[in-house]
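Structure at a glance
Each chain is listed here by its residues.
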Amino acid sequence: MHAQPRKHHRFGGRTILPGFRLTLGYTLVYVSLLVLIPMAALISKVFSVPVSQTWEMVTSNRAIASYALSFGASAVAAVINGILGFTVAWVLVRYDFPGRRFLDAIVDLPFALPTAVAGLALAALYSKNGYFGNIFYNLMGPEAWQAGWATANSNVGVTIALTFIGLPFVVRTIQPVLQDLSMDVEEAAACLGANRWQTFWRVIFPAVLPAWLTGITLAFGRAVGEYGSVVFIASNRQGKGEITPLVIYSSLEQVRYAEAAALGVVLLLFSFVVLILVNLLQAWNNRVSGTAAI
Amino acid sequence: MANAVLPSVSAAPRRRSPLKATTEPAWIRGLLITVTVAFIFCFLVFPLFIVFQESLSRGVQVYWTSLRDPDTAHAVRLTLTVAAIVVPLNTIFGLAAAWAVSKFEFPGKRILVTFIDLPLWVSPVVAGLMFVILFGRNGVLHDFFWNGTRQTIPVLFATPGLVLATLFVTFPFVARILIPLMQSQGSTEEEAAIILGARGWQVFVYVTLPKIRWGLFYGIILCNARAMGEFGAVSAVSGHIAGKTNTIPLQIETLYLNGSMDAAFALSTVLSMLALLTLIVKSVVEWLAALQAKNAIDDGTG
């Protein structure tokens, strides 16, 4: 059956279903109009000025400071999410307790809640007069608060907002993998004399590792581009408290399009790196869960 | 046959109640559950609670007055208009893309799917920036849309720009939910319908649509929530004119920067309720899908 002569293999694959040209054509036109043409415009704008000038814009002090904050805060947030997200996923999959389904549903909140609302709420909670901000203020005292450890209107605030944004990415990538882990393997490990800790590190963790890293990468990638929730809780001071998207935004407002485009391409290249990394990690994940099933 | 409907449930190994050897000591379990509950409450539930608490802190009267402010009312209308254009367009796109990707094989499919995913990973400000560069002053299409310093066809700082930016940011959602769903369902039923003489649109309406209706519904709700809540991309193209080009999220920012915290929180409750609705729909759809799969398996064995 499967060994049909190759000349019968037509574009679209072997199927009798209609609508291939219509739907693919429509998809291609739509993606071209909305993604490819605008992206080409962005890149052409960058090449409309000399490369040396673009390089200067991309490596200006203000830009470098913004990369440090965007990537630094995103990395810290991704690590926090890596640890707490793993715990949340583990508890939601493994343990049964009242309210579990509610917690499971609310994990998606950062996906569904508009970023402006999240930013506003977090800024109110973590400011000096907010519920949490007040606790931190009293714990650390006014000196530390002034010295940059304030939980709102500061770079710590940026990290808080980015942690909020990234949490569901880690939880939702690990959850299905944990769910599909077969109990047999753990029982076998226990029968062979492994204690629970050894079973976790040698049997469970290696199986979840690719998904865990995927989730962390996704959270990190999303956080670097995040704008809405951050601007409410960041200090937004030039050269100190600006994330890269904010620098792009203020260049746009001053009609300095070439500069905005140059920084935009930096973020765009980063998005592609994240996409490629995630694809590689997912291929690894498929290999790992493939061998685990045998 | 029955397994083809929704294989995810049958593929997962049946969960037994854990033995002592395959679970943690009670104190570790208790600790982990406490950490999880505390973290989710502080980090997710509390911010949501604070929005409602702050908005009602000055009483219901203030709440309703701030929502009836003319600029705020205009922002609500503008947001509804943008969503009414964006959501149907992206739903049609999602259906077309999911049909093309899940029913056929063609070279470059992975690249196409990657490009459909791309808006999820592009910074919203960069998304808005692309359209500013296309349509803005000094932009690539300057000659078509500008006459000196005036726009001949208003795209930027007007509804079309808001629509374009929102289209970009929200177009993956319906497609992303439908593609894995339709791939897992397979095409055997559609092929049977064609062999029995159905036309293309009949196959879609009578065979495919009933199979994917819950996924489609969730995709539309999610797309709508993101369309109404988008901030970064529309911020770049809007120009922030209160009463003219401010959508709800932009109006929230304007109110916040003007120090009208009560009004900002009052308007936030509207979007928060939309977010809650989205979460509820998602839970219900997942429950229905599990139920459907369970019934299918029962039918198959019975």
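Analysis parameters
- Residues numbered from 1 in each chain as written.
- Chains lettered and ligands numbered in written order.
- Predicted model: local features only at pLDDT ≥ 70, side-chain atom pairs only at ≥ 80, totals over all residues.
- Helix = DSSP H or I, 4+ residues; strand = E, 2+ residues; numbered from the N terminus.
- Rg over C-alpha atoms; globule rule 2.2 N^0.38 Å.
- Buried ≥ 20, exposed ≤ 12 C-beta atoms within 10 Å, placed from the backbone.
- Contact = placed C-beta atoms within 7 Å.
- pLDDT = per-residue confidence, 0-100.
- Nonpolar A, V, L, I, M, F, W, Y, C, P; charged D, E, K, R; others polar.
- Expected span 1.5 Å × (residues − 1).
- Core = buried A, V, L, I, M, F, W, Y, C linked by C-beta atoms within 7 Å.

Details of the overall build of chain A
Scanning chain A for helices and strands turns up 13 helices and zero strands. Along the chain direction, N to C, the helices and strands of chain A fall in the order α-α-α-α-α-α-α-α-α-α-α-α-α. What you see for chain A is a C-alpha radius of gyration of 24 Å, clearly larger than the 19 Å of a compact globule of 294 residues, by over 25%. Considering only C-alpha atoms, chain A reaches an extent of 70 × 55 × 35 Å along its principal axes. Considering chain A as a whole, with its 294 residues, one finds that 46% of them fall into the buried category. Excluding contacts between residues fewer than 6 apart, the proportion of contacts in chain A whose partners are at least 24 apart in sequence is 78%.

Some points on the overall build of chain B
Within chain B one finds 14 helices and two strands. Each principal axis of the C-alpha distribution contributes one length, and for chain B these read about 70 × 60 × 30 Å. Within the span of chain B, comprising 302 residues, buried residues form 42% of the whole.

Quick look at the confidence of the model for chain A
Residue and element names in this part refer to chain A. A residue-level look at chain A finds 95% of positions with pLDDT of 70 or above and a mean pLDDT of 89. Mean pLDDT across the elements of chain A bottoms out in helix α9 (residues 183–191) (85) and peaks in helix α3 (residues 61–94) (96). Low confidence marks residues 1–9, where pLDDT is under 50. Its contacts with residues over four positions away, or in another chain, come to one contact.

Some words on the interface of chain A and chain B
Between chain A and chain B, the residue contacts involve 75 residues of the former and 81 residues of the latter. At 15 residues, the largest contribution of residues to the side of chain A that touches chain B is made by helix α1 (residues 20–46) of chain A. Of the residues belonging to the side of chain A that touches chain B, the class tally is 53 nonpolar, 16 polar and six charged.

What to know about the confidence of the model for chain B
Residue and element names in this part refer to chain B. Summarising the model, chain B shows a mean pLDDT of 87, and 92% of its residues fall at 70 or more. Counted against residues more than four places away or in other chains, residues 1–14, with its pLDDT under 50, gives 28 contacts. Interface scoring of the predicted complex returns ipTM 0.89; its pTM is 0.89.

Regarding helix α6 (residues 124–135) of chain B
All names here are of chain B. Over its 12 residues, α6 runs 17 Å from end to end, which matches the ideal 16 Å to within 8%, given 1.5 Å per residue. Of all 12 residues in α6, 12 are buried, a share of seventy percent or more. By the burial criterion, the buried members of α6 are Pro 124, Val 125, Val 126, Ala 127, Gly 128, Leu 129, Met 130, Phe 131, Val 132, Ile 133, Leu 134 and Phe 135.

Some words on the environment of Phe 217 of chain B
Summarising the element assignment, Phe 217 of chain B is placed in helix α11 (residues 200–229). Sequence spacing of Phe 217 of chain B and Thr 91 of chain B is 126 residues, and the spatial spacing of their C-alpha atoms is 9.8 Å.

Considering the nonpolar core
Leu 120, Leu 122 and Ile 233 of chain A together with Leu 129, Ile 133, Ala 165 and Leu 178 of chain B are the most contacted members of the largest nonpolar core, which has 165 residues in total. Looking at which element gives the most residues to this core, the answer is helix α4 (residues 70–103) of chain B, with 14 residues. Those residues in contact with Leu 120 of chain A that lie beyond four places of it in its chain are Phe 232 of chain A together with Ile 252, Tyr 256, Ala 264 and Ser 268 of chain B.

A word on unusual backbone geometry
All names here are of chain A. Phi at Asn 153 takes a positive value of approximately 60 degrees, unusual for a residue other than glycine. Looking at where Asn 153 falls in the secondary structure, it is placed in the loop between α7 (131–149) and α8 (155–180). Residue class for Asn 153 comes out partly exposed when judged on the 19 C-beta atoms lying within 10 Å of it.

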